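For reference, the chains in residue letters:
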Amino acid sequence: AGVFTLDPGFTSTASCESQITFIDGEEGVLLHRGYPIDQLAEQSGYLEVCYLLLNGELPTGSQFKNFAREITQHTLLHTQMDRFFDGFRRDSHPMAMLTGTVGAMSAFYPSSMDSADPEERRLASIRLIAKMPTLAARVYKYSIGQPFVNPRNDLSYAENFLRMCFSVPAEDYKISPTLAKAMDRFFILHADHEQNASTSTVRLAGSSGAHPYAAVAAGVACLWGPSHGGANEACLNMLHEIGSVDRIPEFIARAKDKEDPFRLMGFGHRVYKNYDPRAKVMQETAHEVLNELGIKDTPILKVAMELEKIALEDEYFVEKKLYPNVDFYSGIILDAMGFPTEMFTVLFALARTVGWVSQLNEMIDDPTQRIGRPRQIYTGAPLRDFKPVSERG
Ligand code: CMC
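Residue positions are counted from 1 within each chain, in the order its sequence is given. For this predicted model, a pLDDT threshold of at least 70 governs which residues receive local features, and a threshold of 80 or more governs which side-chain atom pairs are given and counted, while totals over whole chains, interfaces and linings are taken from all residues. Side-chain descriptors were evaluated using all non-hydrogen atoms of the structure, hydrogens and water having been removed beforehand.

1. Let's talk about the overall build of the chain
Thought 1: Across its full length, the chain holds 17 helices and three strands.
Thought 2: The globule rule is 2.2 Å times the number of residues to the power 0.38, and the radius of gyration it is compared with is taken over C-alpha atoms. Over its C-alpha atoms the chain spans a radius of gyration of 22 Å, differing by no more than 12% from the 21 Å that the globule rule assigns to 393 residues.
Thought 3: Referenced to the eigenvectors of the C-alpha coordinate spread, the extents of the chain come out at roughly 75 × 55 × 45 Å.
Thought 4: Remark: exposure states derive from per-residue accessible area (1.4 Å probe, protein chains only) relative to the maximum for the residue type, with buried under 20%, exposed over 50%, and partly exposed in between. The buried share of the chain, taken over its 393 residues, is 49%.
Thought 5: For this analysis, residues touch if any pair of their heavy atoms sits within 4.5 Å. Of all intrachain contacts in the chain linking residues separated by at least 6 positions in sequence, the fraction that spans at least 24 positions is 75%.
Thought 6: Carbon and sulfur atoms provide 52% of the accessible area of the chain, an area that totals close to 19,300 Å². Each helix is a run of DSSP H or I of at least 4 residues and each strand a run of E of at least 2, with the numbering of both proceeding from the N terminus. Shrake-Rupley sampling with a 1.4 Å probe provides the accessible areas, and residues are treated as covered by the protein chains on show and by no other component.

Put into structure tokens, the structure is as follows:
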């Protein structure tokens, strides 16, 4: 038996070398391929960021045109995929449907299994990014009992997604440029975040040579939990539960109480011990969306604003460096846009797909790559002899 270092939750172990995303948690810095997240969110578009994450450089004009065209050409799902939905109850959690259907897609593209062929890998990346919005919109439509809406090639990535979610047979969704921009920004802000739990899951699943869609399905499953991607849903549910500003102190007290498992959702981060740089942009975007929709002073908003203020000043939160994270504001935006809370994590998964795929590709390209195989420190029974049941008393 070897001697291993115990590192529960991987707080001090780097699992890989990576050139994709840099985070300085103390300073609140997030860079993709060297570019600051706020510059990307404010000046770029999601597909441009996808290209950057996948290829390492921003595209030239013609590279971008080709990339965007190729994504657009792959947005349709195999019609057989629609059959999978019929097997789900209408009240299934959207993340349950997404986990299942992303995994099911691996059956339609068996050649993607050939990771030695760069063209197959490129196509798998394009297909996953292109089909995820179509799949996510179907998950939503199925859950509300409405017919599926197919993608339209003349729309942008974010516009197309909003239309597939919100158009009904009698009325095509009227796309607001402000909302489409906010959706695109939400996608950019969730595109990658180095070796978080779901990305590490995708790398670990992919390290065995599993099908890339199956590895991404593993990432979707991991993202679901409230400590990770599920926090945006949990945060909005919490704001509803608090309900009014006068109840905030009670919840703050619960968050501080070590006997109470309750945590303030949307606060704290494993890596950021400063303001989450994504949260800043998300906060500005939330204001733009609310202005556009003429929403102000709702009970949820009042609770959110007051909670943010109190938490930023409260000794417990200041001392533990628990700042609002990206999920604190994203829920407010998605709620205002009309998405039900159960869909929030699905939208996170859609946006994170490019990160998962880029990290998976980087791992496969790494000549030192081996199957991921953590070890353990065994604390169980020592060697002992088996006794037949008749002798066990
Ligand atoms: N409310 C109250 N106390 C908290 C919170 C919170 N939201 N977050 C951390 N703490 C306390 C925790 O009790 C612990 O206290 P002590 O040192 O006295 O035991 C201390 O702060 C450190 O917390 P931890 O659990 O050891 O930190 P972690 O790095 O393991 O957890 C976290 C990080 C994000 C899971 C945690 O902060 C949390 O549960 N936050 C709420 C859920 C959430 O918003 N998650 C979204 C993360 S951002 C999106 C993403 O990347 O997925």
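Next comes the rest of the account.
2. A short note on the nonpolar core
Thought 1: Here, nonpolar core means buried Ala, Val, Leu, Ile, Met, Phe, Trp, Tyr and Cys residues that are tied together by side-chain atoms lying within 4.5 Å of each other. One finds L98, F161, M183, F187, L239, L307 and F339 to be the most contacted residues of the largest nonpolar core, which totals 112 residues.
Thought 2: For each domain, the first and last residues come from an automatic or database assignment. Lining this core are residues from two domains, each supplying at least three of them: domain 1 (37–224 + 355–365) and domain 2 (231–337).
Thought 3: In contact with L239, not counting residues within four places along its chain, are I300, V303, A304, L307, F328 and I332.

3. Looking at the pattern of salt bridges
Thought 1: A side-chain nitrogen of Lys or Arg and a carboxyl oxygen of Asp or Glu constitute a salt bridge if their distance falls within 4 Å. This structure, assessed with the given rule, holds 13 salt bridges.
Thought 2: For R121, the salt bridge is made with D365, and the minimal N-O distance between the two is 2.9 Å. With R121 in helix α6 (residues 118–143) and D365 in helix α17 (residues 344–365), this residue pair connects regions lying 244 residues apart in the sequence.
Thought 3: Several salt bridges share partner residues, and in doing so they unite R152, D154, R163 and D172 into one network.

4. Regarding the pairing of strand β2 (residues 29–32)
Thought 1: What you see with β2 is a clean split: L30 and H32 sit on the buried side and V29 and L31 on the side with no burial.
Thought 2: Where strand β1 (residues 21–24) meets β2, four bridges bridge the pair, whose relative direction is antiparallel. Paired with D24 across the bridge in β2 is V29.
Thought 3: Here β1 folds back onto β2, and the loop between the two strands holds four residues, one of which, G28, carries a positive phi near 70°.
Thought 4: Whether two strands pair comes down to DSSP finding at least two bridges between them. Of the pairings in the sheet, the one linking β2 to strand β3 (residues 35–36) comprises two bridges and is antiparallel in character. Across the sheet, residue L31 finds its bridge partner in β3, namely P36.
Thought 5: Here β2 folds back onto β3, and the loop between the two strands holds two residues, one of which, R33, carries a positive phi near 50°.

5. What to know about the site of the ligand
Thought 1: Close to the ligand lie 20 residues, the nearest being H228, R263, L264, G266 and R270.
Thought 2: Side-chain atoms alone can form a polar contact between residues adjacent in sequence; in general such a contact is a pair of N or O atoms within 3.5 Å, and within protein one must be able to donate a hydrogen while the other accepts it. A distance of 2.9 Å separates an oxygen atom of the ligand from a polar side-chain atom of K258.
Thought 3: In this structure, L264 approaches the ligand through a main-chain N or O atom, which is 2.7 Å from a nitrogen atom.
Thought 4: For the ligand, the protein covers 76% of the area, taking 940 Å² as the surface of the free molecule.
Thought 5: Across the shell around the ligand, the residue classes break down as eight nonpolar, seven polar and five charged. Distances are taken per atom, and a residue is near a molecule or strand as soon as one of its heavy atoms is within 4 Å of it. Three classes are used, and their members are as follows: Ala, Val, Leu, Ile, Met, Phe, Trp, Tyr, Cys and Pro are nonpolar, Asp, Glu, Lys and Arg are charged, and the others, Gly among them, are polar.

6. Considering unusual backbone geometry
Thought 1: Positive phi values are uncommon outside glycine, yet F10 reaches one of about 50°.
Thought 2: One can find F10 in the segment before β1.
Thought 3: A positive phi is found at E194, a non-glycine position, where the angle reads about 40°.
Thought 4: Tracing the backbone through its elements, the reader meets E194 in the loop between α8 (177–189) and α9 (197–206).
Thought 5: By relative accessible area, E194 is classed as partly exposed at 23%.

7. Quick notes on the environment of P324
Thought 1: Assignment of secondary structure puts P324 in the loop between α15 (315–319) and α16 (326–337).
Thought 2: On the basis of relative accessible area, P324 is assigned to the buried category, the value being 0%.

8. Concerning the packing of aromatic side chains
Thought 1: Between the rings of Phe, Tyr and Trp (Trp by its six-membered ring), a pair exists once the centres lie within 6.5 Å; its type follows the angle of the planes, with under 30 degrees stacked, over 60 edge-to-face, and the other angles tilted. Enumeration according to the criterion identifies 21 aromatic pairs in this entry.
Thought 2: Aromatic pair F186 and F187: ring centres 6.1 Å apart, planes at 70°, arrangement edge-to-face.
Thought 3: Judged by its relative accessible area of 0%, F186 is buried.
Thought 4: Looking at F187, the relative accessible area reads 0%, which means it is buried.
Thought 5: Every member of this aromatic cluster is reached through a ring pair, and the members are Y46, Y140, Y157, F161, F166, Y173, F186, F187 and F339.
Thought 6: Two conditions define a charge located above a ring, namely a distance within 6 Å from the ring centre to NZ of Lys or CZ of Arg, and an angle within 35 degrees of the ring normal. Sitting above the plane of the Y142 ring, R90 keeps its charged end 4.0 Å from the centroid.

9. Re the sheet that holds β3
Thought 1: Pairing in this open sheet of three strands is antiparallel, and the strands run β1-β2-β3 from one edge to the other. Whereas interior strands pair on both sides, the edge strands pair on one side only; in this sheet they are β1 and β3.

10. Let's talk about helix α10 (residues 212–223)
Thought 1: Multiplying one less than the number of residues by 1.5 Å gives the expected span of a helix. In this model, α10 (12 residues) spans 17 Å end to end at C-alpha, consistent with the 16 Å of a helix rising 1.5 Å per residue.
Thought 2: Burial in α10 covers these residues: P212, Y213, A215, V216, A217, G219, V220 and L223.
Thought 3: On its buried side, α10 packs onto α5 (94–105), α6, α9 and α17.

11. Structural notes on a nonpolar patch on the surface
Thought 1: Only residues whose relative accessible area exceeds 30% and that take part in no salt bridge are eligible for patches, with like-charged residues grouped when within 9 Å of each other and nonpolar side chains (Val, Leu, Ile, Met, Phe, Trp, Tyr) grouped when within 5 Å. A surface patch of nonpolar side chains, amounting to about 280 Å² of accessible area, comprises F4, L6 and I377.
Thought 2: Within the element layout of this structure, I377 appears in the segment after α17.
Thought 3: On the basis of relative accessible area, I377 is assigned to the partly exposed category, the value being 40%.

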